[in-house]
Amino acid sequence: MRSGAIACSLLTLAFALSGCDAFTGDRESAAAVASIDQVDWSSDTAGQLRSAIDGRVAHGLDAMNFTVEGDPANQDGDQALTRSALRYAAALATGASDPSKLHEVYTIARPKPDLERGLAQAVADGKVKDWLDSLAPQDDGYRSLSKAYTELRRQRNGPSP
């Protein structure tokens, strides 16, 4: 009986710990990129960022400036790329405006992703565009809204060359 209780406790603990990020992902690569200040952009990851930002119309963010001026050939460029990526990631993940500042009463919880850690991991893995794409809502309603907005922008601006 006692060994059954211990086994059950261990199983419960294992399920609880499986939700912690200490047990998810690649521990070595997560430890290698411990700080956002250590992000080392390559020309490929910088290009992925630029490509993602160029497609911001799909998220209704085309009126916002997410200028990417960084050059991965120098440290200042890495920091500029990181700032641009985090601004864009925040707009995708939590929205471009704060509804609690727009409405007197707003009680819906907003997501609070760890964007710095996510970006550091995405750059280290060479998957910046995939990570950024994953931050926007993934439901059918959002996709329909995105499609309608993109079509309206196309109609307003005329066909692209």
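Quick notes on the rules
- Residues numbered from 1 in each chain as written.
- Predicted model: local features only at pLDDT ≥ 70, side-chain atom pairs only at ≥ 80, totals over all residues.
- Heavy atoms only, no water.
- Helix = DSSP H or I, 4+ residues; strand = E, 2+ residues; numbered from the N terminus.
- Buried < 20%, exposed > 50% of the residue type's maximum accessible area, 1.4 Å probe, protein only.
- Contact = heavy atoms within 4.5 Å.
- Areas by Shrake-Rupley, 256 points an atom, 1.4 Å probe, with all protein chains shown as cover.
- Salt bridge = Lys/Arg side-chain N within 4 Å of Asp/Glu carboxyl O.
- Core = buried A, V, L, I, M, F, W, Y, C linked by side-chain atoms within 4.5 Å.
- Polar contact = N/O pair within 3.5 Å; in protein donor to acceptor, adjacent residues only side chain to side chain.
- Arc of directions from axis to C-beta.
- Axes fitted to C-alpha atoms, helices over the stretch in contact; angles between N-to-C directions.
- Nonpolar A, V, L, I, M, F, W, Y, C, P; charged D, E, K, R; others polar.
- pLDDT = per-residue confidence, 0-100.

Caption draft 1: Spatial organisation of the overall build of the protein chain. From N to C terminus, the protein chain includes eight helices and zero strands. Starting at the N terminus and ending at the C terminus, the protein chain contains elements arranged as α-α-α-α-α-α-α-α. Sorting the 161 residues of the protein chain into buried and exposed places 27% on the buried side. Residue pairs in contact within the protein chain that sit at least 24 positions apart in sequence constitute 65% of those at least 6 positions apart. For the protein chain, the exposed surface amounts to about 10900 Å²; the carbon and sulfur share of it is 55%.

Caption draft 2: The pattern of salt bridges, seen in detail. Under the counting rule described, the total for this entry stands at five salt bridges. For the salt bridge of Arg-110 with Asp-98, the shortest nitrogen-to-oxygen distance reads 3.2 Å. You can see Arg-110 sitting in the loop between helix H5 (99-102) and helix H6 (115-125) and its partner Asp-98 sitting in the loop between helix H4 (75-94) and H5, a full twelve residues away along the chain. Exposure remark for Arg-110: the relative accessible area of 27% places this residue in the partly exposed category. Here Asp-98 falls in the partly exposed class, since its relative accessible area comes to 24%.

Caption draft 3: Geometry of the nonpolar core. Core analysis: the largest hydrophobic core is formed by 28 residues, its most contacted members being Trp-41, Leu-49, Tyr-88, Leu-119, Trp-131, Leu-132 and Leu-135. Looking at this core, the elements that each hand over two or more residues are helix H3 (43-54), H4, H6 and helix H7 (128-135). When residues of this core are assigned to their parent elements, the largest contribution, eight residues, is made by H4. In this structure Leu-135 touches Ala-89, Leu-92, Ala-93 and Leu-115, once residues within four positions along its chain are discounted.

Caption draft 4: Representation of the environment of Trp-41 within the structure. Residue placement: Trp-41 occurs in the loop between helix H2 (27-32) and H3. Through-space distance from the C-alpha of Trp-41 to that of Ala-124 is 8.2 Å; in sequence the pair is 83 residues apart. From its side chain, Trp-41 meets the backbone oxygen of Asp-78 in a polar contact 3.4 Å long. Polar contacts involving the side chain of Trp-41 include one to the side chain of Thr-82, which spans 2.9 Å.

Caption draft 5: H7, seen in detail. Buried residues of H7: Val-128, Trp-131, Leu-132 and Leu-135, and no others. Viewed end-on, H7 has its buried residues packed into an arc of 95°, placing them on one side of the element.

Caption draft 6: Summary view of H6. Looking only at H6, the buried set comprises Leu-115, Gly-118, Leu-119, Ala-120, Ala-122 and Val-123. Of the residues trailing H6, Gly-126 is marked for its positive phi of about 75°.

Caption draft 7: A look at the packing of H6 against H7. In the contact formed by H6 and H7, the axes pass within 8 Å of each other and the chain directions differ by 145°. Contact with H6, carried on its side by Leu-115, Gly-118, Leu-119, Ala-122 and Val-123, involves Val-128, Trp-131 and Leu-135 of H7 and no other residues of that element. In the contact of H6 with H7, the residues fall into seven nonpolar, one polar and no charged.

Caption draft 8: Representation of the packing of H3 against H7 within the structure. With their axes 8 Å apart at the nearest point, H3 and H7 run at an angle of 35° to one another. Residue-level inspection shows Thr-45, Gln-48, Leu-49, Ser-51 and Ala-52 of H3 in contact with H7, the latter providing Val-128, Lys-129 and Leu-132.

Caption draft 9: Main features of the confidence of the model for the protein chain. Confidence along the protein chain averages 78 in pLDDT terms, with 72% of residues attaining 70 or more. Of the regions scoring below 50 in pLDDT, residues 1-34 engages in 13 contacts with residues more than four places distant in sequence or in other chains.

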